[in-house]
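What follows is the residue order along each chain.
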Amino acid sequence: MTDTKKYLIEIETPDGALVSSEQHETVGKKYDVSVELPEGYVVAESGEVEAPSHAAPEYVEPMLEQKRQHMGIKAKRIISNTIIYIVLIAMSILWLVPFVCIVFESFRVESTWQVGYVIPKQWGFDNYINLFTKTDFPRWLLNTFIMGVAVAVLQTIIVLAMSYVLSRMRFRGRKGLMNFMLVLGMFPGFLTLILLYKLLSDLHMTGNNSIFGLILVYIGSSGMGYYISKGFFDTIPKSLDEAARVDGATRAQVMFKVILPLAKPIVIYTILMGFMAPWGDFVLAKYIAHNTSKGMNVAVGLQNLIASNATLSTNYTMFCAGGVVVAIPITILFMCLQKYYVEGVTGGAVKG
């Protein structure tokens, strides 16, 4: 914009004197000053700078259009976020309603069978007391905990060792071995149920001793679950291994002192997966336990409480109480370790 108006300009010279544009004849100097105004601002007849609100239409219209576009984008963002939150809230409600109903049913003491209402008329801990005193639930809970700890430890060692070898070492047959385990993992485990039962029966690991048989089955094929752990190890720079090897570290020292401290999320993820397997297993555990209460886990034991119509009418609320008790340790574990769980899953999915 070209402006031909005269402006009174005051300039402070290096020696500290204040010089006005009207006094340039007295000081013998002439100053050329150019002033750049922001877009949309103009100079009025009085010499004052006016804001865009008082500016000409050719400056106002583009600014209003830009403002309208910005408001439109903001409105679209608000609407899309609102829809997403509504969907997520609806999904959360659908997920939480069954669990809330089970919790309410576990505290109902006026009847032990299924009723047509959710909120109990009489509240109490009778179902929890009967669960621990009149059934073998403590034994089932102990069996599951023993299996969970054993599987978590043994499976973590096997999976991490297999993942480290396939990620860091190069040997003949490596690709073929990985492809073979990938194809083998596509076959469902139900195909081997009869064979597993016969094998474990010959080893006297069924019935009362089914805990040891189930532990053996759970960790038997754990090496084939290397995919996520190997992907996480692939994200760790191999230059760390090489530097440690140059310093004289062995392969074992590199793994335990260099790699595993950096792979904390995937270690915790593997432990969680191993610990959860016995808690949620029903088909294999029921097949191996063979209706022996001493060898059942919590899933099989709780199902045994409502196996018939007669037991369903007398043990339903006690069954709900057992479901709440079983969910508590898993929920607490995930709430405490969910950060590492997410990091392990997302980190292991980067590379394959």
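As a reminder, the structure under discussion sits directly above these lines.
Residues numbered from 1 in each chain as written. Predicted model: local features only at pLDDT ≥ 70, side-chain atom pairs only at ≥ 80, totals over all residues. Heavy atoms only, no water.

Q: Go over the nonpolar core with me, naming the residues and quoting the values.
A: Within the largest apolar cluster, 33 residues are counted, with the highest numbers of intra-cluster contacts made by Leu131, Phe137, Leu214 and Leu284. When residues of this core are traced back to their parent elements, those giving at least two are helix H3 (126–133), helix H4 (137–168), helix H6 (193–202), helix H7 (210–220), helix H11 (264–280), helix H12 (283–289), helix H13 (298–305) and helix H14 (309–348). Aside from chain neighbours lying at most four places away, what touches Leu214 is Met147, Leu284, Ala285 and Ile288. (Core = buried A, V, L, I, M, F, W, Y, C linked by side-chain atoms within 4.5 Å. Buried < 20%, exposed > 50% of the residue type's maximum accessible area, 1.4 Å probe, protein only. Helix = DSSP H or I, 4+ residues; strand = E, 2+ residues; numbered from the N terminus. Contact = heavy atoms within 4.5 Å.)

Q: Before we move on, can you summarise the pattern of salt bridges with the specific residues and values?
A: This structure, assessed with the given rule, holds 4 salt bridges. Asp241 is the salt-bridge partner of Arg168, the closest N and O atoms lying 2.9 Å from each other. With Arg168 in helix H4 and Asp241 in helix H9 (residues 238–246), this pair connects stretches of sequence that are 73 residues apart. Comparing Arg168 with Asp241, the two get one shared label, buried. Between Asp202 and Lys198 there is a salt bridge, with the nearest N and O atoms lying 3.7 Å from each other. Taken together, the positions of Asp202 and Lys198, both in helix H6 and 4 residues apart, correspond to about one turn of that helix. (Salt bridge = Lys/Arg side-chain N within 4 Å of Asp/Glu carboxyl O.)

Q: Any chance you could break down the environment of Leu260 for me, citing the residues and the numbers?
A: Tracing the sequence through the fold places Leu260 in helix H10 (residues 251–262). By relative accessible area, Leu260 is classed as buried at 18%. When the C-alpha atoms of Leu260 and Leu160 are compared, they prove to be 9.0 Å apart, with 100 residues separating the residues in sequence.

Q: Requested: an account of the packing of aromatic side chains, with residues and values cited.
A: Any two aromatic rings considered together are summarised by their centre-to-centre distance and by the angle between their planes. Throughout the structure, instances matching the rule amount to 12 aromatic pairs. A centroid spacing of 5.3 Å and a plane angle of 45° characterise the contact between Phe107 and Tyr128, whose relative ring orientation is tilted. Of this pair, Phe107 sits in the loop between helix H2 (57–106) and H3 while Tyr128 sits in helix H3, placing them 21 residues apart in sequence. In this pair, the class of Phe107 matches that of Tyr128, namely buried. Ring centres 5.3 Å apart and planes at 85° place the aromatic pair Phe132 and Phe137 in the edge-to-face group. Residue class for Phe137 comes out buried when judged on its relative accessible area of 0%. (Phe/Tyr/Trp six-rings, centres within 6.5 Å; stacked < 30°, edge-to-face > 60°.)

Q: Would you mind going over the state of the cysteines in detail, with residue names and values included?
A: Per the stated rule, a full pass over the model turns up 0 disulfides. Cys320 takes part in no disulfide bond, and the closest cysteine sulfur to it belongs to Cys101, at a distance of 9.5 Å. Under the relative-accessibility criterion, Cys320 is labelled buried at 3%. (Disulfide = S-S within 2.5 Å.)

Q: Go over H10, please, and point to the residues and values.
A: Over its 12 residues, H10 extends 16 Å from the first C-alpha to the last, a length consistent with the 16 Å expected when each residue adds 1.5 Å. If you check which residues of H10 are buried, you get Val254, Met255, Ile259 and Leu260. The arc that holds the buried residues of H10, viewed along the axis, is 140°, so those residues lie on one side. Facing away from the buried side of H10 by more than 90 degrees, the exposed set consists of Phe256, Lys257 and Pro261. In this fold, the buried residues of H10 make contact with H4, helix H8 (227–234), H9 and H11. (Expected span 1.5 Å × (residues − 1). Arc of directions from axis to C-beta.)

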